[in-house]
Amino acid sequence: MPEQTNPFAIARQQLHAVADKLKLSAAMIGFLSEPEALHVFTVPFARDDGRIEVVTGIRAQHSFARGPAKGGIRFHPDVTIDEVKALSMWMTWKCAVVDIPYGGGKGGLVIDYKALSQGEKERLTRAFARRLTKVIGPDFDIPAPDVNTGPQEMMWIADEYGHFVGHPEPAVITGKPVDCGGSLGRGSATGRGLVFCVERYFENHGMSLKGKTVAVQGFGNAGQYAARLIAGLGASVVAISDSQGGVFHDKGISVGAAIDHKTRTGQVAGLDGRAISNAELLELDVDILIPAALENQITGSNAGRVKARLIAEAANGPTTPEADQILFARGVTVIPDILANAGGVTVSYFEWVQNRQRYYWTEEDVNSRLREIMRRSLDQVERMAAEHKCHWREAAYLLAVARVAGALRVTRDL
Ligand code: GLU
């Protein structure tokens, strides 16, 4: 993979870009440039036809400086060790931006998970969980959902972990079903947190969201909730897409109908409107662009053609450093992933706290605490960007890396 699109090369580049301003020592940079621990497993599982297939499973624990490692698990055929390492580093910064007491972790299975039967999914997830049990724990590393995983997968993993330690231990993983110790509001948290950020941004700039046009690339959990909630504030979602393509409608798309259609048919194609590609969606003449799919969508080759004035990243790593420079020079504001999509891990933190307290909060409580954290974090990043005259990603890094390095300076000689 070329350096410009290798997520781990990008993650290191982003870290190194703030090293001078933060006066990080060479030892500190070296320490933060790699995960503290990396686990690679062979995971055998039985296919429905009786064949045993062996899949690669990965868990990277980038940092324990501010608390246990925390971060999701994705099941996707394009997962690589470098991608998981990058995502684990991004989790460290994300938890630090919103100031929750975790380090960063990430996991993955290299598999076309969507193509498996339900039985295969369960056998594979449980087999991976049996590998993971040795390296995770409620005080050590707490996984969560990510691309193609959700409450069901979390529960299979929690169940295997419970068998391993001999008692139920819901705090080992977050994003569980509400009936099994999950938190109210966790399902919508990533999209909701992003919309809280966008709302606050508009407020800070004395502007209204009413009638603003929005394009959402990716229609999984984060994209669906972001679209639904931003439409609820009066914005008009004019384009959505998924891995199979997208649709544009200048009068606006009914997000509720789009979610029903996607749930029924597995895709957004077929909805009323003009069929468009993912690449076209990114260049539409809209006010707000929400990339909610995978990495490397806005790059040096298309950033010059992005027309939105505000990009809010629901996905992790959708914009390359080259694109960041181009967008910054063109006056486009990017609310970076480590801030914009931090609502998910923030409510994961709430879930973990509730699990440990054995005391559960109302949905209103969850949402209002989330709102407070997202608004405060957005304000801090915005102030930092103004102070340093830099783009918001750099500002978020300045805030986050300073917090992590601060913790490391106290505990280690770095
Ligand atoms: N996978 C999500 C993320 O990238 C959530 C992580 C979590 O809840 O721990 O932020």
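Look a little higher up for the structure.
All figures in this text were calculated on a predicted structure; none of them were measured in a lab. Residue indices follow the written sequence of each chain, beginning from 1 at its first position. Side-chain atom pairs in this predicted model are given and counted only at pLDDT of 80 or more, local residue features only at pLDDT of at least 70, and totals for whole chains, interfaces and linings cover all residues. Side-chain figures throughout are based on the complete set of non-hydrogen atoms in the structure, without hydrogens or water.

**Student:** What's the story with the packing of helix α3 (residues 81–97) against helix α14 (residues 392–411) in this structure? I'm lost.
**Tutor:** Packed helix pairs are specified by the crossing angle of their axes together with the interaxial distance, meaning the distance between the axes. Between N-to-C directions, angles span 0 to 180 degrees; the directions come from axes that are lines fitted to C-alpha atoms, helices contributing only their stretch in contact. Only DSSP runs of H or I with at least four residues qualify as helices, and only runs of E with at least two residues qualify as strands; both kinds are numbered from the N terminus onward. Put simply, α3 and α14 touch, their axes get as near as 8 Å, and they point 90 degrees apart. Considering their axes alone, α3 and α14 lie roughly perpendicular with respect to each other. Side by side, α3 and α14 meet where Trp90, Thr92, Trp93, Ala96 and Val97 of the first sit next to Ala396, Tyr397, Leu399, Ala400, Val401, Arg403 and Val404 of the second. Throughout this entry, Asp, Glu, Lys and Arg are counted as charged residues, while Ala, Val, Leu, Ile, Met, Phe, Trp, Tyr, Cys and Pro are counted as nonpolar. The remaining residues, Gly among them, count as polar. Tallied by class, residues from the contact of α3 with α14 come to 10 nonpolar, one polar and one charged. We call two directions roughly parallel when the angle between them is under 35 degrees, roughly antiparallel when it is over 145, roughly perpendicular when it lies between 65 and 115, and oblique otherwise. We call two residues in contact whenever any of their non-hydrogen atoms come within 4.5 Å of each other.

**Student:** Is there a simple way to explain the site of the ligand in this structure?
**Tutor:** The cutoff for a nearby residue is simple: one of its non-hydrogen atoms must lie within 4 Å of the molecule or strand. For the ligand, the set of nearby residues contains 14 residues, the closest of which are Lys70, Lys94, Pro145, Asp146 and Ser348. Lysine 106 has a polar side-chain atom sitting 2.9 Å from an oxygen atom of the ligand. Surface accessibility in these figures is a Shrake-Rupley result with a 1.4 Å probe; residues are shielded only by whichever protein chains are displayed. For the ligand, the accessible surface in isolation is 290 Å², of which the surrounding protein chains cover 94%. At the level of elements, β3 (69–75), α3, β5 (141–145) and α12 (343–357) are the ones that each hand at least two residues to the shell around the ligand. Looking at the shell around the ligand residue by residue, the class counts come to four nonpolar, five polar and five charged. Side-chain atoms alone can form a polar contact between residues adjacent in sequence; in general such a contact is a pair of N or O atoms within 3.5 Å, and within protein one must be able to donate a hydrogen while the other accepts it.

**Student:** Explanation requested: the side chain of threonine 133 in the structure shown.
**Tutor:** In this fold, threonine 133 is placed in the loop between α4 (118–132) and β5. Look past the residues within four positions of threonine 133 in its chain and what remains in contact with it is Glu160, Tyr161 and Phe164.

**Student:** Help me out: how do you make sense of the side chain of arginine 74 in this one?
**Tutor:** Among the structural elements, arginine 74 can be located in strand β3. A distance of 2.8 Å separates polar atoms of two side chains, one belonging to arginine 74 and the other to glutamate 83. Here aspartate 146 takes part through its side chain, which lies 2.7 Å from a polar atom of the side chain of arginine 74.

**Student:** Before we go on, may I ask you to explain the packing of aromatic side chains in this structure?
**Tutor:** When we look at a pair of aromatic rings, we describe it by the centre distance and by the angle of the planes. Two aromatic rings from Phe, Tyr or Trp, using only the six-membered ring of Trp, form a pair when their centres are within 6.5 Å; if the ring planes differ by under 30 degrees the pair is stacked, by over 60 it is edge-to-face, and anything between is tilted. Taken as a whole and assessed by the stated rule, the structure comprises 13 aromatic pairs. Between tyrosine 201 and phenylalanine 202 the ring centres are 5.9 Å apart and the planes differ by 70 degrees, which places this aromatic pair in the edge-to-face class. Between tyrosine 349 and tryptophan 352, the aromatic rings sit 6.3 Å apart at their centres with planes inclined by 35 degrees, giving tilted as the arrangement. Here tyrosine 349 and its partner tryptophan 352 are both found in helix α12, three residues apart, which amounts to about one turn of the helix. Three or more aromatic residues joined by ring pairs form one cluster here, namely Tyr102, Tyr349, Phe350, Trp352 and Trp361. Charge-over-ring placement is defined geometrically: NZ (Lys) or CZ (Arg) within 6 Å of the ring centre, and within 35 degrees of the ring normal. When the ring centre of tryptophan 361 is taken as origin, the NZ or CZ atom of arginine 369, which lies over that ring, is 4.2 Å away.

**Student:** When you look at the nonpolar core in this model, what are you seeing that I'm missing?
**Tutor:** Nonpolar side chains in soluble globular proteins tend to end up buried together. By size, the foremost hydrophobic cluster in this structure holds 88 residues, and its most contacted members are Trp93, Val198, Ile230, Ile240 and Ile335. Considering each element in turn, this core owes the most residues, 12 residues, to α14. Core analysis: the second largest hydrophobic core is formed by 24 residues, Phe41, Val43, Ile111 and Val172 among them. Only buried residues count toward a nonpolar core, which is a set of Ala, Val, Leu, Ile, Met, Phe, Trp, Tyr and Cys residues joined through side-chain atoms within 4.5 Å. Under the scheme applied here, a residue whose accessible area is under 20% of the maximum for its type counts as buried, over 50% as exposed, and between as partly exposed, the area being computed with a 1.4 Å probe on protein chains only.

**Student:** What am I meant to see in the pattern of salt bridges here?
**Tutor:** Here the idea is simple: oppositely charged side chains can pair when their charged atoms come close. Throughout this description, the term salt bridge denotes a Lys or Arg side-chain nitrogen within 4 Å of a carboxyl oxygen of Asp or Glu. Tallying each qualifying case throughout the model produces 30 salt bridges. Of the charged contacts in the structure, one is a salt bridge between arginine 47 and glutamate 53, with a shortest N-O distance of 2.6 Å. Owing to a relative accessible area of 18%, arginine 47 belongs among the buried residues under this scheme. Given the relative accessible area of 21%, glutamate 53 is considered partly exposed.

**Student:** Hey, could you run me through the pairing of β3 in this one?
**Tutor:** Two faces belong to every sheet, and in a regular strand the side chains alternate between them. With seven of seven residues buried, β3 is to be regarded as a mostly interior element. Think of it this way: DSSP has to see at least two bridges between two strands before they count as a pair. Relative to β5, β3 is paired through five bridges, and the arrangement is parallel. Bridge pairing links glycine 71 to proline 143 in β5. Pairing analysis gives three bridges linking β3 to strand β4 (residues 105–109), with the strands arranged parallel. Paired with phenylalanine 75 across the strands is leucine 109, a residue of β4. Chirality of the crossover, the property in question, places the unit of β3, α3 and β4 among those that are right-handed. Here, the term right-handed applies to a crossover whose path from the first strand over the helix to the second runs clockwise when the strands point away from the viewer.

**Student:** Looking at this structure, how should I read the sheet that holds β3?
**Tutor:** Working definition: the strands of a sheet are paired by backbone hydrogen bonds and lie parallel or antiparallel to each other. Read across the sheet, five strands follow the order β1-β2-β4-β3-β5 without closing on themselves; strand pairing throughout is mixed. Strand pairing shows two members of the sheet lacking a second neighbour, β1 (37–46) and β5, which therefore form its edges. Direction aside, the axes of adjacent strands within the sheet are offset by 20 degrees on average. Direction of pairing for β1 relative to strand β2 (residues 52–61): antiparallel, over a ladder of 10 bridges. Bridge assignment links alanine 46 to a residue of β2, and that residue is isoleucine 52.

Keep in mind these numbers describe shape, not what the thing actually does.
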